[in-house]
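The lines below spell out each chain.
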Amino acid sequence: MSVLATCLGYPRFGKARELKKSLESFWAGKISEEELNETGKNIRKQHWLEMKRAGMNHIPSNDFSYYDHVLDTIVLLGATPKRYGSISNPIARYFAMARGLQNKSAGIDTSALEMTKWFDTNYHYIVPELNDETKFSLNPKKLISEWEEAYELGIETRPVILGPVSFLLLSKMDLNSKKSPLHFLKDLLPLYKELFSLLKKKGVRWIQLDEPCLVLELEKGIQSSYQNALTEIAKFSERPKILVTTYFGDLKENLKIATASKLDGLHIDLVRAPEQLETVLASLPPEYILSLGLVDGRNIWRTDLEATHKILRTAVEAIGSERIFVGSSSSLLHVPEDLNGENQLDTELKSWLSFALQKLSEIKALAEASGKEVPSQTYLVSGYMWLENKKALKTRKNSPRTKNQKVRERLEKISEGDKKRKSTFINRQTLQQKRFSLPTFPTTTIGSFPQTNDVRSARASWKSGKLSLENYNRFLKEETKQCIAKQESIGLDVLVHGEFERTDMVEYFGEKLEGFAFTENGWVQSYGSRCVKPPILFGDIFRPEPMTVDWAIYSQSLTPKIVKGMLTGPVTILQWSFVRNDQPRQATCEQIALSLRDEVNDLESAGIQMIQVDEPAIREGLPLRKSEWKTYLKWAVDSFRLATSGVKDETQIHTHMCYSEFGEILESIEAMDADVLSIETSRSQMELFRDFGKSGYKNEIGPGVYDIHSPRVPSKEEMIDLLEKAKSVLPYPQLWVNPDCGLKTRGWPEVEEALRNMVEAAEIMRTKTEEYAK
Ligand code: GLN
Ligand code: ZN
C-alpha cells in the first residue's frame, strides 16, 4: 500500500489572479457581492479539481479566503471587535476589519485592525483584537458551505481550521487588559467542540487543525495550556479525526504537547527542520498518523526526489506506510500557482523550478514510490519523471551560471572597517544639521507615490511594445516632475522622486542585478488583494552598472529641496526573493550588500545628499526561535552596514521599516546606525514607538502618523495627537514626521489631503514647542 498524498493549502488567487481583480472591482463598487462570490466559487472549484487530478488523497478546504484566514477565523469565532458592530452588512463588516471604512454620509469612520507578518513569511495576517469584554460565538457558515461546495463536486475535503491556541497566541490583548490571550481558551474550546461535532454530523472525516505556534519557544505556562487544550479536544469524541499541523520549524520541546494529546495525526515540516524526523518517529504514539512535509511550501526549487525519497523510506520502514501521509511542508499559499504559465524563462532555469501545481506531482510521485527501494527503476511513466528530476538537479549543481569568481573573491576580502561609518552618529549629526538646516519636525514621505492607472498602463504599453522606451521614459520623467512639484506645493521638507519607474521595490533591483531571474505570473499573496512577484535569486549577485543614479540626478535637478536617493536594502531583497537553497543565506545577503554599497557610493559621488536604504523585511527574517536570533541579526545588520558605510559623514543615511514588532530587536536597529529611521506606528497608536523611548534611541526617527493601508484621510488633530505621544517618548529634536509606509497603493486626492494635514500638524507641533521653549 502506498502512503497518502496531501497538501496543506493552495494559492488563493487563480492562475490569472482572478480574485484580485474581482476584489478590487467589488471594493470600487463595480461588481456585486454575488459576482465576487462567483469568482471565489470558480477558483475553489478549479483548485479542488486540480488537486484531485494530481492524485491528492487529502484535499484542503477553507484554505481559501477573500482576505485572510486569520480574519476568517475572527469571523468564525465571532471575535469581531465592538467598533464594527454598527456595520450590519456582513461582507462590509468583514472588509471594514481588513481595510477600515469611511462613509461620511452614514457617519461611519472606523479604522482597520492591525496587520502583521505571518510567522517569517511575507504574508500579512489581520491581528485579532481582544479585550476583557470579548465574547465569542460560532459562525461556521463559510467553513461549512465551502466543504459542501466541494462535496457537491464529488470531492471530500479536509477543512483547514486555525487551532484555538495559535489563534489566541496570534491575537493582541487590549492595552488596558491585564489578561493574557490564553485566558480565553476556556471560552473558545466549547466553540471548537461545537464546530467539530457539526462537522462530524456533516460527514467530515478529517480536519486539519493548524497549530503552527507549536514550533515556537513557549513559556512553561503556555506549554501547559497548550497541552490541556489539545488534550481536551482529543477527549471530545463527537469529532472527525484531527491532524495537528505544524510548519516553519522544529517542534523540539513542544513535540510532547502534540503527541501526548491523543489526537489522530501530526504534520511536521521536514524541509525547514529535517532533523526532527528521528525524534518524532521515536516518540510518535502507535495510533498516530505522521504527515511528512517533504515538498517545500515556501520556495520554488524543484524537489530533490531521490534525496527526499530516502527520508520517506526511513519513515516507512520505521512505522509502516499505512501510518504515513506525504505532503507539502506548509500551505502552498507562499508559492506561485503554475510553472506552465511561464514562457519567458529559459528552459534550463525552468527545469530547476517547481510551483504549486508541479509540487503536487512531486508529492504524488513520492507517495507512489514510497513502497519501492529504487523508484526510478520500477515505474515506466513515473520512472521517466524520476530520471528527468535527477538530470535537472545535476545541471543546476554543475551550472556555471550560478557562480561568479570575482564576487566570491571580493566577499572574502570584506573587513570590519568596511562595515563602519567614519564617525559616530553624534559627529555626523552635527555636520548634517549644518548641511541641511531642516526645521524641527521635518516632514518627508517613505518613497513611493500613487501608482495610478496611467502609470500602470504606460508600463503595460511599454512592456507590450506599444510604447517606445524613449516615450515611456519621457512619461516617467513627467510623472516624477509633477510629483516633485506636488510635494513642493504641499510643503514637505525632504522630497522623494516617487518610484514611478518601479513596479516593485525588490523586482526593480533584481532586474538590474545579475543572478536574478523573473517570472511573468509568479505571483504570491502579500496581503488582501495585494500580490508580489518575488524574483528568483539563482546565482551570485553582481551589479553590472549603476541602477538608480540617473533617476536620482534627474529628480534632484527639479528642485532646490533635498530629494532622497531610494534603495532597497540587502536583507529585504533577500527576504522578498525566492532565494537559492544551495548556499547559506548569509553569503547571498552579503553579495547583495556589496552591490548596493557600490550604488550608495555612486549616488553620493553624483551629488545625492540623503540616501534611504529600506529594510522593511529585517524583522521578518528573524528565525522563529529566539535562540537563533543572534546569528541572524549579526549578519543582517552587518549587511546593512556594509551597504551603507562607504559614504562621508555629511551624507545622511535613512532607513525605513514597517509592519512588525521592533521592540525585541531594538539593539540591532540601533546597531544599523542609520542617521534617520522611519517606522510604521500609526495603527498601533504609537505603541511600537514606546520601546524606542524605553531604550533611549539616539538617532533621528520618524514615527508614522498616517496609516497608508486605508483610504481614510487622517485629520491633522489625529496626527498631532500621535506626535504628542511620540514627543512624550523621545526628545522632539530627534523626531521626523512621515506616513507609515510608501503611498503607491493609494490615490492622489486622498494622499494630497492627508499630506497637507501632515505638514500642518508638523507646523503646529513646531509652533507649540517653540512657544513652550520661550
Ligand atoms: N520606499 C518604499 C515605498 O515607499 C518602501 C516600501 C516598504 O516599506 N514596503 O514604497
Ligand atoms: Zn514600509
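Residues numbered from 1 in each chain as written. Chains lettered and ligands numbered in written order. Predicted model: local features only at pLDDT ≥ 70, side-chain atom pairs only at ≥ 80, totals over all residues. Heavy atoms only, no water.

(A) Region of interest: the overall build of the chain. For the chain, the helix and strand inventory stands at 27 helices and 24 strands. For 774 residues, the compact-globule estimate of 2.2 N^0.38 gives 28 Å, and the chain sits close to it at 26 Å. If one aligns the C-alpha atoms of the chain with their principal axes, the spans along those axes are about 80 × 60 × 50 Å. With 774 residues in all, the chain has 61% of them scored as buried. A sequence separation of at least 24 residues applies to 78% of the contacts in the chain between residues at least 6 apart. Of the accessible surface of the chain, which amounts to about 30,600 Å², a share of 51% is contributed by carbon and sulfur atoms. Mean positive and mean negative side-chain charge positions of the chain (104 and 107 charges, respectively) differ by 1 Å. (Helix = DSSP H or I, 4+ residues; strand = E, 2+ residues; numbered from the N terminus. Rg over C-alpha atoms; globule rule 2.2 N^0.38 Å. Buried < 20%, exposed > 50% of the residue type's maximum accessible area, 1.4 Å probe, protein only. Contact = heavy atoms within 4.5 Å. Areas by Shrake-Rupley, 256 points an atom, 1.4 Å probe, with all protein chains shown as cover. Lys, Arg positive; Asp, Glu negative; His and termini not counted. Charge placed at Lys NZ, Arg CZ, Asp CG, Glu CD.)

(B) Structural detail: the site of ligand 1. Inspection of the region around ligand 1 gives 13 residues, with Ser 448, Glu 499, Asp 614, His 656 and Gly 742 positioned closest. Glu 499 places a side-chain nitrogen or oxygen 2.9 Å from a nitrogen atom of ligand 1. Between ligand 1 and His 656 there is a distance of 3.1 Å, counted from an oxygen atom to a side-chain nitrogen or oxygen. Relative to its unbound accessible surface of 300 Å², ligand 1 loses 91% to contact with the protein. Taken together, the residues of the shell around ligand 1 break down into 7 nonpolar, 4 polar and 2 charged. (Near = heavy atom within 4 Å. Polar contact = N/O pair within 3.5 Å; in protein donor to acceptor, adjacent residues only side chain to side chain. Nonpolar A, V, L, I, M, F, W, Y, C, P; charged D, E, K, R; others polar.)

(C) Highlighting the pattern of salt bridges. Taken as a whole and assessed by the stated rule, the structure comprises 55 salt bridges. In this structure, Glu 501 engages Arg 502 in a salt bridge whose closest nitrogen and oxygen atoms are separated by 3.1 Å. This pair shows no difference in class: Glu 501 is buried, exactly as Arg 502 is. Overlapping salt bridges, with partners in common, bring together Arg 44, Asp 72, Lys 142, Glu 146 and Glu 149 in one network. (Salt bridge = Lys/Arg side-chain N within 4 Å of Asp/Glu carboxyl O.)

(D) Fine view of the coordination of the zinc ion (ligand 2). Around the zinc ion (ligand 2), the protein supplies His 656 (NE2), Cys 658 (SG) and Cys 741 (SG) as donor atoms, at distances of 2.1 to 2.3 Å. In this structure, the zinc ion (ligand 2) is surrounded by 4 donor atoms whose angles at the metal cover 94 to 122°, and the resulting shape is tetrahedral. Sequence spacing of the donors to the zinc ion (ligand 2): H-x1-C-x82-C. (Donors = N, O, S within 2.8 Å, 3.2 Å for Na, K, Ca; no water. Tetrahedral: all angles 85-135°; square planar, octahedral: opposite > 155°, others 65-115°.)

(E) Quick peek at unusual backbone geometry. Phi angles above zero are rare outside glycine, and Phe 441 is one such case at about 50°. Structurally, Phe 441 can be placed in the loop between helix 16 (425-436) and helix 17 (453-463). In this structure, Asp 673 is a non-glycine residue whose phi angle is positive, near 60°. Residue placement: Asp 673 occurs in the loop between helix 24 (666-672) and strand 23 (676-679). Asp 673 gets classed as buried once you look at its relative accessible area, which sits at 18%.

(F) Focus on the packing of helix 1 (residues 18-27) against helix 2 (residues 33-53). Their axes nearest at 9 Å, the elements helix 1 and helix 2 cross at an angle of 170°. With respect to their mutual orientation, helix 1 and helix 2 come out roughly antiparallel. Taken together, the residues of helix 2 that come into contact with helix 1 (itself represented by Glu 18, Leu 19, Ser 22, Leu 23 and Phe 26) are Glu 33, Leu 36, Thr 39, Ile 43 and Gln 46. In the contact of helix 1 with helix 2, the residues fall into 5 nonpolar, 3 polar and 2 charged. (Axes fitted to C-alpha atoms, helices over the stretch in contact; angles between N-to-C directions. Parallel < 35°, antiparallel > 145°, perpendicular 65-115°, else oblique.)

(G) Inspection of the sheet that holds strand 2 (residues 59-61) at higher detail. Read across the sheet, 8 strands follow the order 1-14-13-12-11-10-8-2 without closing on themselves; strand pairing throughout is parallel. With one partner strand each, in any of the chains shown, strand 1 (4-6) and strand 2 form the two edges of the open sheet. Looking at each pair of strands side by side, their axes are set apart by 30° on average, direction ignored. Bridge count for strand 11 (residues 241-245) against strand 12 (residues 265-269) is 3 bridges, and the pairing is parallel. Note that in strand 12 the partner of Val 244 across the bridge is Leu 266. (Pairing = 2+ DSSP bridges.)

(H) The arrangement of the UniProt feature "binding site: Zn(2+) 2" (unreviewed entry) in the chain in detail. Here the UniProt-annotated "binding site: Zn(2+) 2" (unreviewed entry) positions come out as Cys 658. Its place among the elements puts Cys 658 in the loop between strand 22 (652-657) and helix 24. Every residue in contact with Cys 658, bar those within four places of it in the chain, is listed here: Lys 117, Pro 616, Glu 680, Asp 740 and Cys 741. (UniProt positions renumbered as here; feature names shortened; annotations may be inferred.)

(I) Here's a closer look at the packing of aromatic side chains. Summed over all chains, the structure comprises 22 aromatic pairs. Here the aromatic rings of Tyr 192 and Phe 196 are separated by 6.1 Å at their centres, their planes lie at 65°, and the arrangement is edge-to-face. Separated by 4 residues within a single helix, Tyr 192 and Phe 196 lie in helix 7 (residues 185-202), roughly one turn from each other. For the residue pair Tyr 192 and Phe 196, the accessibility class agrees, reading buried in each case. Site record: aromatic cluster; members linked through ring pairs are Phe 26, Trp 27, Tyr 67, Tyr 94 and Phe 95. Its guanidinium or amino end placed over the ring of Trp 27, Arg 99 lies 3.8 Å from that ring's centre, counting from NZ or CZ. (Phe/Tyr/Trp six-rings, centres within 6.5 Å; stacked < 30°, edge-to-face > 60°. Lys NZ or Arg CZ within 6 Å of the ring centre and 35° of its normal.)

(J) Region of interest: the pairing of strand 8 (residues 157-162). Burial within strand 8 is extensive, with 6 of its 6 residues counted as buried. Where burial is concerned, the two faces of strand 8 agree: the one with Thr 157, Pro 159 and Ile 161 and the one with Arg 158, Val 160 and Leu 162 are both buried. As paired strands, strand 2 and strand 8 are joined by 3 bridges and run parallel to one another. Its bridge partner being in strand 8, Ile 59 is matched across the sheet by Thr 157. Of the pairings in the sheet, the one linking strand 8 to strand 10 (residues 206-210) comprises 3 bridges and is parallel in character. Each residue of the ladder has a partner; that of Val 160, found in strand 10, is Gln 208.

(K) Quick look at the sheet that holds strand 19 (residues 565-568). Taken in spatial order, the 5 strands make up an open sheet running 19-21-22-23-24, and their pairing is parallel. Single-partner strands in this sheet number two, and they are strand 19 and strand 24 (700-703). Ignoring strand direction, the axes of neighbouring strands in this sheet form an average angle of 20°. With 4 bridges joining them, strand 22 and strand 23 adopt parallel strand pairing.

(L) Spotlight on the packing of helix 7 against helix 8 (residues 220-235). One can describe the packing of helix 7 onto helix 8 by two numbers: an axis separation of 10 Å at closest approach and a directional angle of 25°. Between helix 7 and helix 8, the crossing angle belongs to the class labelled roughly parallel. In this structure, the crossing between helix 7 and helix 8 has a hand that is right-handed. Contacts between helix 7 and helix 8 pair Leu 185, Leu 189, Lys 193 and Phe 196 from the former with Ser 225, Ala 229, Glu 232 and Ile 233 from the latter. Along the lines of polarity and charge, the residues of the contact of helix 7 with helix 8 split into 5 nonpolar, 1 polar and 2 charged. (Left-handed = near helix turned anticlockwise from the far one by under 90°.)

(M) View of the side chain of Glu 680. By the element assignment, Glu 680 lies in the loop between strand 23 and helix 25 (687-694). Apart from the residues within four sequence positions on either side, Glu 680 is in contact with Met 657, Cys 658, Tyr 659, Ser 660, Leu 688 and Asp 740.

(N) Structural context of the side chain of Thr 39. Along the chain, Thr 39 turns up in helix 2. Given a relative accessible area of 15%, Thr 39 falls into the buried group. Other than its neighbours up to four places away in sequence, Thr 39 contacts Glu 18, Leu 19 and Ser 22.

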